[in-house]
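Structural characterization, general
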Amino acid sequence: MEHLLSERIKSTPPSFIRSILKTAADPEIISFAGGLPNPISFPQEELLVSMERIVRDYGSSLFQYSITAGLPELRQYIADRYNRKFGLALGIENILITTGSQQALDLISKVLLNTGDGVIVEKPSYLGAIQAFSQYQPVFYPVELTEEGMDIGRLKDALDHDVKFIYAIPDFQNPTGLSYSAENRECIRKVLTGREIVLVEDDPYGELRFDEGGRIPYIGAGRLPGSILLGTFSKTVTPGMRTGFMICADTELLKHISVAKEASDLHTNIFSQYLIWDYLMHNDYDAHIAQIRRLYKEQAQAMTEAMDRYFPKTVKYTRPRGGMFLWVTLPEGVSALSLFPKALEKKVAFVPGDPFYINMANTNTMRLNYTNADCRMIDEGIRRLGELLREI
Ligand code: PMP
């Protein structure tokens, strides 16, 4: 059947993580490989109450077809929240509910990309985005990510090419855990001002800041006319309900994206949208997020403290101040991929850095997730990994 396959799917990398997760499914393995929120962060009791209430109060509307743009009440909630927190001036016409922000990545590329068009991504970037964009066969221009954010010189070089959009995760990035500084955001904004280019800011982790600092303003939202901001309830309420959203000042662009969404799934599951909306209306969402932050702060600290204790000094790692991941850099020339089977023998798993880059193999980097093991398991897993790293 191979000859029947489209070029599109042949050029799309399979999800490396999913195959890794299968190998790491052994319950004895301490896995830092996944990207799952901690299930104790799901407000299950409250969601059960909401579920009963919405079925009682909204009856058949929950089970009927609905509009593509998404539940107006939920869109209004999102517009109000972002207006309040970020001084934006959004109305519901600026919000499109998506089936997770993953769908937004697909829709944006469907609407903007012809084969061979340029896309700027961070180096490294979120592998699910690389996968979504790859289906439309673009040319990628990866721009080095530094402790401060995007390397501005390299961004300018990349912009010399014919580029349709830039994809960035400025807060607690997946995979590195790094955030862009205010200065870096300002520089990017300056570089992009006046250019005909879309900036996609993907922000699933911004709410999960666990240090004291406040939020740094977005690069594009409210400042650059062609910018799109992505959000999701996946990391703060539940990923299983697949409810995300796209915020876009340019309503014409958003209309095209809505057409693409309509063609793809008509609308996002309306039961999920009612459920999330009702939960938000009847609970203290910010207090709930604060609890998740406390939990993840403890887990991140347990991981970096264990690394300080067990890792050789030649191994470097980021110290995230939010989000779910940290990024480890091994000495030059050491392949994280080749360490992976040895790590499994020691019953510990991570994601080798390779799939977060465009066409790079045997990189000396790895991503670790700290939100899915308790502090004692984190310490033990890092001790095992440390043993392995001292042998290289
Ligand atoms: N963007 C980034 C950067 C992510 O890390 C993820 C989740 N792993 C997504 C998008 C997709 O999230 P959602 O559940 O909202 O589809």
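As the structure is a prediction and not an experimental result, all values here were calculated from the model. (Residues numbered from 1 in each chain as written. Predicted model: local features only at pLDDT ≥ 70, side-chain atom pairs only at ≥ 80, totals over all residues. Heavy atoms only, no water.)

Thoughts on the site of the ligand
Around the ligand, a shell composed of 14 residues is seen, among which Asp202, Tyr205, Thr232, Ser234 and Arg242 lie nearest. Interatomic distance of 2.5 Å between a side-chain N/O atom of Tyr205 and an oxygen atom of the ligand. Take Thr232: an N or O atom from its side chain is 2.6 Å from an oxygen atom of the ligand. Isolated, the ligand exposes 400 Å² of accessible area, and the fraction of that covered by the protein chains is 91%. With three residues, helix H5 (residues 100-112) is the single largest residue contributor to the shell around the ligand. Taken together, the residues of the shell around the ligand break down into five nonpolar, six polar and three charged. (Near = heavy atom within 4 Å. Polar contact = N/O pair within 3.5 Å; in protein donor to acceptor, adjacent residues only side chain to side chain. Areas by Shrake-Rupley, 256 points an atom, 1.4 Å probe, with all protein chains shown as cover. Helix = DSSP H or I, 4+ residues; strand = E, 2+ residues; numbered from the N terminus. Nonpolar A, V, L, I, M, F, W, Y, C, P; charged D, E, K, R; others polar.)

Thoughts on helix H6 (residues 127-134)
With seven of eight residues buried, H6 lies mostly within the body of the structure. By the burial criterion, the buried members of H6 are Leu127, Gly128, Ala129, Ile130, Ala132, Phe133 and Ser134. (Buried < 20%, exposed > 50% of the residue type's maximum accessible area, 1.4 Å probe, protein only.)

Side note on the domain arrangement of the protein
One can read the domain layout of the protein as domain 1 (2-43 + 287-391) and domain 2 (44-282). Computed over C-alpha atoms, the centres of domain 1 and domain 2 are 24 Å apart. Contact with domain 1, which involves 36 residues of that partner, is made by 37 residues of domain 2. The junction of domain 1 with domain 2 conceals about 3300 Å² of combined surface from both sides, 66% of it contributed by carbon and sulfur atoms. In terms of surface lost to domain 2, no three residues of domain 1 exceed Pro43, Arg321 and Ile358, which account for 22% of the buried area on that side. Linking domain 1 with domain 2 are one salt bridge. (Domains from an automatic or database assignment. Contact = heavy atoms within 4.5 Å. Buried area = accessible area lost by both parts, 1.4 Å probe. Salt bridge = Lys/Arg side-chain N within 4 Å of Asp/Glu carboxyl O.)

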